[in-house]
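Below are the chains, spelled out letter by letter.
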Protein chains: 2
Amino acid sequence: MQQKHVLIVEDEAPIRDMIRFALERADFSVAEAEDAQSARLAIADHLPDLVLLDWMLPGMSGAELAREWRRDELTQNVAIIMVTARVDEDDRVRGLNIGADDYVTKPFSSSELIARVRAVLRRSLPGGEDECLELDGLSLDAASQRVSAGADAVRLGPTEYRLLRFFMSNPERVYSREQMLDRVWGQNVYVEERTVDVHIRRLRKALAPHGFDKFIQTVRGSGYRFSSKSL
Amino acid sequence: MQQKHVLIVEDEAPIRDMIRFALERADFSVAEAEDAQSARLAIADHLPDLVLLDWMLPGMSGAELAREWRRDELTQNVAIIMVTARVDEDDRVRGLNIGADDYVTKPFSSSELIARVRAVLRRSLPGGEDECLELDGLSLDAASQRVSAGADAVRLGPTEYRLLRFFMSNPERVYSREQMLDRVWGQNVYVEERTVDVHIRRLRKALAPHGFDKFIQTVRGSGYRFSSKSL
DNA sequence: AATTTGTGTGACACATCCGTGACAGCATCA
DNA sequence: TGATGCTGTCACGGATGTGTCACACAAATT
């Protein structure tokens, strides 16, 4: 399964670290935020698959934050697990009514946390959005993992597919090799940066018969960009 | 979605009440029974879409009851979720061999229960009775549990049948082995992921004489896809 | 022009994934 | 009791994808 991205929203640094450690160990990619404001920034930067949201935050409470996200088109499908110190049944019910998918009460073991994270992600998967990307004749359907150039199908390896998928969801923007490794390969794998070049080449070669290799543009000294405009 | 009818078979009244409350809150219609005898009456009165069946019952055990229903033409398509206090791996395996669709172990949260009920119903949703799937010459009739390729009948084992049924209900979409285990085998069953491959093979072999094995496509690194389109 | 820096390309060893046949455990039925 | 059919697991081999390297080539810098 593809690596999942989790955002931790928690004001106490030690707990944050513990959670991050457990998640990374279980091969999730992790982002952190310590309050509502930084959480918004983190979400804007990279939409997570799941948010671990502390109930009590300085300033705006986690509950309000959750309600805010549930109202927003962009974030309403992101899974939310509430993290709370309270044992009150009231809070649990309130949390679930707000739209949290699950809750964990402190103190919790890291294995319990991971189990719940996995369960929630698995549950939200099958109904996942039927993402269908299209750009100027080149189209990619996430549900069937099919890529077609005009009428013809394009045959891609797993990494090439993920790379193209990343490009097509983020066109018209330059990414460094490091950024691409983080987001296509996963953030705690170490591979040479030049490996990106090789996969770019393979992807270009696969798209070439239909002329779509022009969409992948080299920006010397910076990285690559995906665009239908030739420039 | 139409309102679904659930029968609770459970001898302890408090647990029955808890389950009834959770189910009605989630907008299911509910019937209750406290032993095998009253369960038979309840079923005769109104055929449920799903039965929550306690493992231990006074007199006849839930397991025997399940076996009885699975043999009967009328009841064999009714989904069954076993409810058990035991954590024994043995019982889980035995229960699933009997034909239960899923398992819940006490104690369980009401949200977990609802989630599982929904999952099982979703799995067997499209039709329940008169479901008849057809794709490009390959057809599956849920009522008679018969599969035919063109004019010829195809002989399938139970798991192969459920697998094909799952595929035909969800074509043109890639599923991971984990997702397939969840939806074809049941949610908390632990079997090796490679087991999926073996059943894929058996299903392919059964479909091969008519050329329909091409419909099951391997998506390397991700899982499988069912589609009449070649690639 | 010569040098330096960055990128394209082909090759290759290696890891991973998947198809396949075999097998033992189990339930069912004669 | 033995025969049969179904299931989950394993081991093996082949197919495919992967990361890295060396070298060719292009662009910027001197």
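Every residue gets a number counted from 1 within its own chain, in the order that chain's sequence is written. In the order they appear in the text, chains get letters beginning with A and ligands get numbers beginning with 1. pLDDT decides what is reported in this predicted model: residues at 70 or higher carry local features, side-chain atom pairs at 80 or more are listed and counted, and totals for whole chains, interfaces and linings draw on all residues regardless. Only hydrogens and water are removed before side-chain values are computed, so all heavy atoms of the structure are retained for them.

A. Structural view of the overall build of chain A. In this text, helices come from DSSP runs of H or I with a minimum length of four residues, and strands from runs of E with a minimum of two, each type numbered from the N-terminal end. Of regular secondary structure, chain A possesses eight helices and 12 strands. Note on exposure labels: buried denotes an accessible area under 20% of the residue type's maximum, exposed denotes more than 50%, and partly exposed covers the range between, all computed with a 1.4 Å probe on protein chains only. Split into buried and exposed, the 231 residues of chain A put 44% on the buried side. Surface summary for chain A: the accessible area is close to 12100 Å², and the carbon and sulfur share equals 47%. Each accessible area is a Shrake-Rupley estimate made with a 1.4 Å probe; only the visible protein chains count as cover when residues are assessed.

B. Structural context of the sheet that holds strand β9 (residues 152-154) of chain A. Residues and elements named next belong to chain A. Each pair of strands is called paired provided DSSP finds at least two bridges between the two strands. Spatial ordering of the open sheet is given by β6-β7-β8-β9, a layout of four strands whose pairing is antiparallel. Bordering the open sheet on either side are β6 (132-135) and β9, each of which pairs with just one other strand. Going from strand to strand, the sheet's axes swing by 25 degrees on average, the running direction of each strand aside. Taken strand by strand, helix α6 (residues 158-169) contacts β6, β7 (138-141) and β8 (146-149), and its axis lies near 110 degrees from that of β7. Lines fitted to the C-alpha atoms define the axes, with helices restricted to the stretch that makes contact. Angles between their N-to-C directions range from 0 to 180 degrees. Here a residue-residue contact requires only that any non-hydrogen atoms of the pair lie within 4.5 Å.

C. Spatial organisation of the packing of aromatic side chains. Residue and element names in this part refer to chain A. Each Phe, Tyr or Trp ring, with Trp reduced to its six-membered ring, pairs with another whose centre is within 6.5 Å; inter-plane angles below 30 degrees give stacked pairs, above 60 give edge-to-face pairs, and intermediate values give tilted ones. Enumeration according to the criterion identifies 10 aromatic pairs over all chains in this entry. On the numbers, 4.8 Å between centres and 65 degrees between planes, the contact of F166 with Y175 is edge-to-face. Each of the two residues, F166 as well as Y175, counts as buried. An aromatic cluster is defined as three or more aromatic residues linked by ring pairs; in this entry it consists of F166, F167, Y175, F212, F215 and F226.

D. Main features of the protein's contact with DNA strand D. Whether a residue is near a molecule or strand depends on its heavy atoms: it is near if one of them lies within 4 Å of it. Among the 23 residues in the neighbourhood of DNA strand D, the closest are listed as A:T159, A:E192, A:H199, B:T159 and B:R202. Counted by atom, the contact set of DNA strand D within 4 Å of the protein is 67% sugar and phosphate. Pairing of N or O atoms within 3.5 Å defines a polar contact, subject to two protein rules: one partner must be a possible hydrogen donor and the other a possible acceptor, and residues neighboring in sequence count only if both atoms are side-chain atoms. Within the contact set of DNA strand D, a base nitrogen lies 3.5 Å away from a side-chain nitrogen or oxygen of B:R220. Among the secondary structure elements, those contributing two or more residues to the surface near DNA strand D are α6 and α8 (194-207) of chain A together with α6 (158-169) and α8 (194-207) of chain B. Residue type decides the class: Asp, Glu, Lys and Arg count as charged, Ala, Val, Leu, Ile, Met, Phe, Trp, Tyr, Cys and Pro as nonpolar, and the leftover types, Gly among them, as polar. In terms of residue class, the surface near DNA strand D is made up of eight nonpolar, six polar and nine charged.

E. Local environment of the pattern of salt bridges. Residues and elements named next belong to chain A. Throughout this description, the term salt bridge denotes a Lys or Arg side-chain nitrogen within 4 Å of a carboxyl oxygen of Asp or Glu. One pass over the full model with this rule turns up 16 salt bridges over all chains. When the shortest N-O distance is used, the salt bridge between E32 and R16 registers 3.4 Å. Within this pair, whereas E32 is found in strand β2 (residues 29-33), its partner R16 is found in helix α1 (residues 13-25), the two being separated by 16 residues in sequence. One salt bridge in this structure joins R194 and D197, with 2.9 Å as the shortest N-O distance.

F. The side chain of A:E10, seen in detail. Residue and element names in this part refer to chain A. Residue placement: E10 occurs in the loop between β1 (5-9) and α1. Separated by 3.1 Å, the side chain of E10 and the backbone nitrogen of E12 make a polar contact. Not counting residues within four places of it along the chain, the set of residues in contact with E10 comprises I15, R16, A33, E34, D54, L57 and K106.

G. Inspection of a negative patch on the surface at higher detail. On the surface, A:E178, A:D182, A:E192 and A:E193 cluster together into a negatively charged patch. Within the secondary structure layout, A:E192 lies in the loop between α7 (177-185) and α8. Like-charged residues within 9 Å of one another, or nonpolar side chains (Val, Leu, Ile, Met, Phe, Trp, Tyr) within 5 Å, are grouped into patches, provided each residue has over 30% relative accessible area and no salt bridge. Charge counting follows a simple rule: Lys and Arg are positive, Asp and Glu are negative, and His as well as the terminal groups are ignored. A charge is said to be at NZ when it belongs to Lys, at CZ for Arg, at CG for Asp and at CD for Glu.

H. The arrangement of unusual backbone geometry in detail. All names here are of chain A. Even without being glycine, Q145 reaches a positive phi, approximately 55 degrees. Considering the arrangement of structural elements, one finds Q145 in the loop between β7 and β8. The exposure class assigned to Q145 is partly exposed, which follows from its relative accessible area of 26%.

I. Main features of the protein's contact with DNA strand C. Among the 24 residues in the neighbourhood of DNA strand C, the closest are listed as A:R201, A:T218, B:R201, B:T218 and B:Y224. Sugar plus phosphate: this is where 62% of the atoms of DNA strand C within 4 Å of the protein reside. A distance of 3.0 Å separates a base oxygen of DNA strand C from a polar side-chain atom of B:R220. Broken down by secondary-structure element, the contributors of at least two residues to the surface near DNA strand C are α8 and β11 (216-219) of chain A together with α8 and β11 (216-219) of chain B. In terms of residues, the surface near DNA strand C owes the most to one element, α8(A), which gives six residues. Here the surface near DNA strand C is composed, by residue class, of four nonpolar, four polar and 16 charged.

J. Layout of the sheet that holds strand β7 (residues 138-141) of chain B. All names here are of chain B. Sheet architecture is open: four strands sit in the order β6-β7-β8-β9, paired in antiparallel fashion. At either margin of the open sheet sits one strand with a lone partner, and together these are β6 (132-135) and β9 (152-154). Across the sheet, the mean angle separating the axes of adjacent strands is 25 degrees when strand polarity is ignored. Where β6 and β7 come together, four bridges link them in antiparallel fashion. Paired with L133 across the two strands is L140, which belongs to β7.

K. Up close: the UniProt feature "modified residue: 4-aspartylphosphate" (unreviewed entry) in chain A. All names here are of chain A. UniProt positions are given in the numbering used here, feature names are shortened, and annotations may be inferred rather than shown by experiment. As recorded in UniProt, the feature "modified residue: 4-aspartylphosphate" (unreviewed entry) lies at D54. Tracing the backbone through its elements, the reader meets D54 in strand β3 (residues 50-54). Residue D54 is classed as buried on the basis of its relative accessible area of 4%. Once you skip the residues sitting within four places of it in the chain, D54 turns out to touch V9, E10, D11, G62, V83 and K106.

L. Spatial organisation of α6(A). For α6(A), built from 12 residues, the straight-helix expectation of 16 Å at 1.5 Å per residue is met to within 8% by its first-to-last C-alpha distance of 17 Å. Looking only at α6(A), the buried set comprises A:T159, A:E160, A:Y161, A:L163, A:L164, A:F166, A:F167 and A:M168. By this rule, a helix spans an expected 1.5 Å times one less than how many residues it contains.

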